[in-house]
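Single-letter residue listing:
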Amino acid sequence: MSRLLAAITLPISIALTILLTILCSIPIILAGIVKLILPVPAIWRSVSVFCNFMMYCWCVGLAALLHFNPWLKWDIQGLDTLNKKNWYLLICNHHSWADIVVLCVIFRNHIPMNKYFLKQQLAWVPFMGLACWALDMPFMRRYSRSYLIRHPERRGKDVETTRRSCEKFRVHPTTIVNFVEGSRFTPEKRLQTRSPYNNLLPPKAAGIAMALNVLGSQFDKLLDVTLCYPENDKTPFFDMLSGKLTRIVVRVNLRPIDPELHGDYVGDKNFKRRFQLWLNALWEEKDQQIKTIKAEYKNAGQ
């Protein structure tokens, strides 16, 4: 793609994405206000159905915008056995803001609407923050180790937020999405966290452990998703907006949820250790999978 075409595509793409987000967010926000004013279970259920439909419209709009990129190729495996009537816990590596767009687009017709674990800062993003609140998405506030030493009363707050949010998802089939690394992967962050993986940050186990503890018997499967942008590894979100994104690789592994993964992550140290070992082994497998995907394409990482 020429620089001139990319320069033209970028502002148009940004404007259309913002417009789509506003058009879909406003009805969701208004519906959320209705739910807040009228705390009646029947109304809550109806509002949730409407909000999920509007989020589906947003996903359809994003898919249409990506369709206008004639250079983009999709390489997706593992969607065949999914069902919109099931409950899923979806865990995924986190490389870019493009990840949320990709997950929304590819899963929109295969599983219930995604509910993301979001950073607290995103609550203040215009339109999107309020829409995510109306959709009952949990906002997580991360505390540093030094902060928790000074304020031990804050320890476990994220876990409690997870528990309260998961309780709301019992009524309708739901997909709970957790980027368990807690942050987007960069080489700098990999060094800062002393990650033992080449393509991933160390996973944080507390969020999905609590989700399994609250809704474990209701989840049908664990969706283990691996995302990779082998030809746009450095700036996939910018390349997506500017029309320069050329390939998206997605691998979906449907895993059974072992009853041994249900337990008290906060209070049971032995369970906590077992759960971390299980997640670390899964992350090691994912790291190898990304390495294999990148090796398949000559321009990987360029």
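I will try to describe carefully the structure that is included in this document.

What counts and what doesn't
- Residues numbered from 1 in each chain as written.
- Predicted model: local features only at pLDDT ≥ 70, side-chain atom pairs only at ≥ 80, totals over all residues.
- Heavy atoms only, no water.
- Pairing = 2+ DSSP bridges.
- Helix = DSSP H or I, 4+ residues; strand = E, 2+ residues; numbered from the N terminus.
- Axes fitted to C-alpha atoms, helices over the stretch in contact; angles between N-to-C directions.
- Buried < 20%, exposed > 50% of the residue type's maximum accessible area, 1.4 Å probe, protein only.
- Contact = heavy atoms within 4.5 Å.
- Parallel < 35°, antiparallel > 145°, perpendicular 65-115°, else oblique.
- Nonpolar A, V, L, I, M, F, W, Y, C, P; charged D, E, K, R; others polar.
- Core = buried A, V, L, I, M, F, W, Y, C linked by side-chain atoms within 4.5 Å.

## Digging into the sheet that holds strand β8 (residues 247-255)
Logical step 1: Taken in spatial order, the six strands make up an open sheet running β1-β8-β7-β2-β6-β3, and their pairing is mixed. Each of the sheet's edge strands pairs with one partner strand only, and the pair in question is β1 (73-77) and β3 (114-116). Along the sheet, successive strands turn relative to each other by an average axial angle of 25 degrees, direction set aside.
Logical step 2: Pairing of strand β2 (residues 88-92) with strand β7 (residues 221-228), which is carried by five bridges, proceeds in the parallel orientation. Residue Cys92 lies in a different strand from β7, and its bridge partner there is Val225.

## Some words on the side chain of Thr21
Logical step 1: When you line up the elements, Thr21 lands in helix α1 (residues 3-37).
Logical step 2: Note on Thr21: relative accessible area 11%, which makes it buried.
Logical step 3: Sequence-distant contacts of Thr21, that is, excluding residues within four places in its chain, are made with Trp58 and Met128.

## Side note on helix α3 (residues 98-107)
Logical step 1: Most of α3 is tucked away, with ten of its ten residues classed as buried.
Logical step 2: Of the positions making up α3, those classed as buried are Ala98, Asp99, Ile100, Val101, Val102, Leu103, Cys104, Val105, Ile106 and Phe107.

## Observations concerning the packing of helix α2 (residues 41-67) against α3
Logical step 1: The contact between α2 and α3 brings their axes to 9 Å, and the two run at 105 degrees. Our classification of the angle between α2 and α3 gives roughly perpendicular. Judged by residue contacts, Met55, Trp58, Cys59, Leu62, Ala63 and Leu66 of α2 engage Val101, Cys104 and Val105 from α3.
Logical step 2: Residue classes in the contact of α2 with α3 are distributed as nine nonpolar, no polar and no charged.

## Some details on the nonpolar core
Logical step 1: In terms of nonpolar packing, the biggest core is built from 50 residues, with Leu90, Leu103, Phe107, Tyr116 and Val225 touching the most fellow members.
Logical step 2: Those elements giving two or more residues to this core turn out to be α1, α2, β2, α3, α4 (128-134), β7 and β8.
Logical step 3: Residue contacts for Phe107: discarding those within four places in its chain leaves Leu79, Leu82, Leu90, Val225 and Val252.
Logical step 4: By size, the runner-up hydrophobic cluster in this structure holds 33 residues, among which are Cys228, Tyr265, Trp283 and Ile290.

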